[in-house]
Amino acid sequence: MKAFVVIPTYNEKDNVISLTDAVLSQHPDIHILFVDDNSPDGTGSIIDNLVAGNDHVHVLHRAGKLGLGSAYREGFRYALSMGADYLLEMDADFSHDPATLPLFLAAIKDNDLVIGSRYLNGVSVVNWPIRRLILSYFASVYTRWVTGLQVHDCTSGFKCFRRSTIEAIDLTRVTSDGYSFQIEMNYLCMEKGFRIAEIPIIFIDRHAGSSKMSGTIVREAVIMVWKLRLNTILSRLFGK
């Protein structure tokens, strides 16, 4: 088994060393792939030193801040080329607990996509402002209502895919970023009839650095769910 944890980074110099140690300690077959968007704080150089010292650490350097969705798409392609059996998404700021990784690797054996859910057993979020918590929670409610996704946490960025799941999805047609990238990938998995499971996680607000959330990301997600639903309706009507 080879599992690649794909971690986009932008100005995460305070986290990447300790995160690398924490992730790699979870399983001997785990690899880390950092996708760094030319972080001005020197994150990329720190990652280069990590890569030089450990053959389970990899990096893709990009020219600039190109978006979360494109970082995952490029990261997935790289991981597939390196022979990954499982591909995981994870944030760089310790809001996703590395100790949960073995639970994903256990659950993915019987599923095609495993999502780490903040809302499976009530609300499991620590240190978020109430406004952001409400926004996130009702984003999932709204998404389920529009798309029919049977997922408690539609926007979670902590998840695990089988290799075959990613190979079945045409990544060139996945263009969204932020919240909407997570929604789009979940929706495409549902449309293809893949087995989707959720496991409970505790989401803890970032240790260091600053949030990448923006109004543009939220607006994109609001529009994306309707595009996904409309595309499905048109495909069924016209057989495309």
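All of the points below concern the structure found in this document. Keep in mind it's a predicted model, so treat the numbers as computed, not measured. (Residues numbered from 1 in each chain as written. Predicted model: local features only at pLDDT ≥ 70, side-chain atom pairs only at ≥ 80, totals over all residues. Heavy atoms only, no water.)

1. Focus: the overall build of the protein
Put simply, the rule is: Secondary structure is summarised from DSSP: a helix means a run of H or I of at least four residues, a strand means a run of E of at least two, and numbering begins at the N terminus for each. Think of it in three bands: residues with accessible area under 20% of the maximum for their type are buried, residues over 50% are exposed, and the middle band is partly exposed, with areas taken using a 1.4 Å probe on protein chains only. By definition in these notes, contact holds between two residues if any of their heavy atoms fall within 4.5 Å. Per-residue accessibility takes into account occlusion by the displayed protein chains alone, with areas from the Shrake-Rupley method and a 1.4 Å probe.
What the protein contains, in helices and strands, is 8 helices and 9 strands. Residues counted as buried form 50% of the 240 residues belonging to the protein. Of the contacts formed within the protein by residues at least 6 apart in sequence, a portion of 79% connects residues at least 24 apart. Surface summary for the protein: the accessible area is close to 10900 Å², and the carbon and sulfur share equals 55%.

2. Details of the pattern of salt bridges
What counts here: Salt bridges are identified by distance alone: a Lys or Arg side-chain nitrogen within 4 Å of an Asp or Glu carboxyl oxygen.
If you walk through the whole model with that rule in mind, you get 6 salt bridges. Residue Asp37 pairs with Arg62 through a salt bridge whose shortest N-O separation is 2.6 Å. Taken as a pair, Asp37 in the loop between strand 2 (30-36) and helix 2 (43-53) and Arg62 in the loop between strand 3 (57-61) and helix 3 (68-81) lie far apart in primary sequence, 25 residues in all. Look at Asp37 and you get buried, because its relative accessible area is 7%. Linking Asp112 and Arg195 is a salt bridge whose minimum nitrogen-to-oxygen distance equals 3.2 Å. Here Asp112, found in the loop between helix 4 (101-107) and strand 5 (113-117), pairs with Arg195, found in the loop between helix 7 (178-191) and strand 8 (196-200); they are 83 residues apart in sequence, far enough to count as distant. On the basis of relative accessible area, Arg195 is assigned to the partly exposed category, the value being 43%. It is possible to trace a salt-bridge network through shared partners that takes in Asp37, Arg62 and Glu74.

3. Observations regarding helix 7
Put simply, the rule is: By this rule, a helix spans an expected 1.5 Å times one less than how many residues it contains.
The terminal C-alpha atoms of helix 7, which comprises 14 residues, lie 21 Å apart, in line with the 20 Å expected from a rise of 1.5 Å per residue. Among the residues making up helix 7, those that are buried are Gly178, Tyr179, Ser180, Phe181, Gln182, Ile183, Glu184, Met185, Asn186, Tyr187 and Cys189.

4. A look at the environment of Glu12
Examined against the element boundaries, Glu12 turns out to sit in the loop between strand 1 (3-9) and helix 1 (16-24). Take Glu12: its relative accessible area is 4%, and that puts it in the buried class.

5. Some words on unusual backbone geometry
The phi torsion at Asn11 lies on the positive side, around 60 degrees, for a residue other than glycine. Among the secondary structure elements, Asn11 is positioned in the loop between strand 1 and helix 1. According to the relative accessible area criterion, Asn11 is partly exposed, its value standing at 28%. Phi is positive for Phe94, which is not a glycine, with a value near 70 degrees. As for its position among the elements, Phe94 is in the loop between strand 4 (86-89) and helix 4.

6. Quick look at the packing of helix 1 against helix 2
If you want to describe how two helices pack, look at the angle between their axes and the distance between the axes. Note the cut-off: Lines are fitted to the C-alpha atoms to define the axes, a helix being fitted only along its stretch in contact, and any angle between axes, read from their N-to-C directions, falls within 0 to 180 degrees. Note on convention: the crossing is left-handed when the near helix lies turned anticlockwise from the far helix by less than a right angle, right-handed when the turn is clockwise. Note on residue categories: nonpolar means Ala, Val, Leu, Ile, Met, Phe, Trp, Tyr, Cys or Pro, charged means Asp, Glu, Lys or Arg, and polar means any other residue, Gly included.
One way to put it is that helix 1 packs onto helix 2 with a least axis distance of 10 Å and a crossing angle of 35 degrees. Along this stretch, helix 1 crosses helix 2, giving a crossing that reads as right-handed. Here Val16, Ile17 and Thr20 of helix 1 lie close against helix 2, whose contacting residues are Thr43, Ile46, Ile47 and Leu50. Its residues placed into classes, the contact of helix 1 with helix 2 shows 5 nonpolar, 2 polar and no charged.

7. A look at the sheet that holds strand 4
Sheets are built from strands that pair by backbone hydrogen bonding, the pairs being arranged parallel or antiparallel. For the record, the criterion: For two strands to be treated as a pair, DSSP must find no fewer than two bridges joining them.
Sheet architecture is open: 7 strands sit in the order 3-2-1-4-7-5-8, paired in mixed fashion. The open sheet is flanked by strand 3 and strand 8, the only strands paired with a single partner. Between one strand axis and the next, the sheet turns through 20 degrees on average, direction left out of account. For strand 4 and strand 7 (residues 159-162), the ladder comprises 4 bridges, and the chain directions are antiparallel. Within strand 7, the position partnered with Leu87 by the bridge is Phe161. Of the strands in this sheet, strand 1, strand 2 and strand 3 touch helix 2, which is tilted by about 145 degrees from strand 3.

8. Observations regarding a nonpolar patch on the surface
The condition that has to hold: The patches described consist of residues with a relative accessible area above 30% and no salt bridge, like charges being joined within 9 Å and nonpolar side chains (Val, Leu, Ile, Met, Phe, Trp, Tyr) within 5 Å.
A grouping of Val123, Ile130, Ile134, Tyr137, Phe138 and Val141 is seen on the molecular surface, where their side chains present a nonpolar patch of about 540 Å² in accessible area. For Tyr137, the position within the fold is in helix 5 (residues 130-147).

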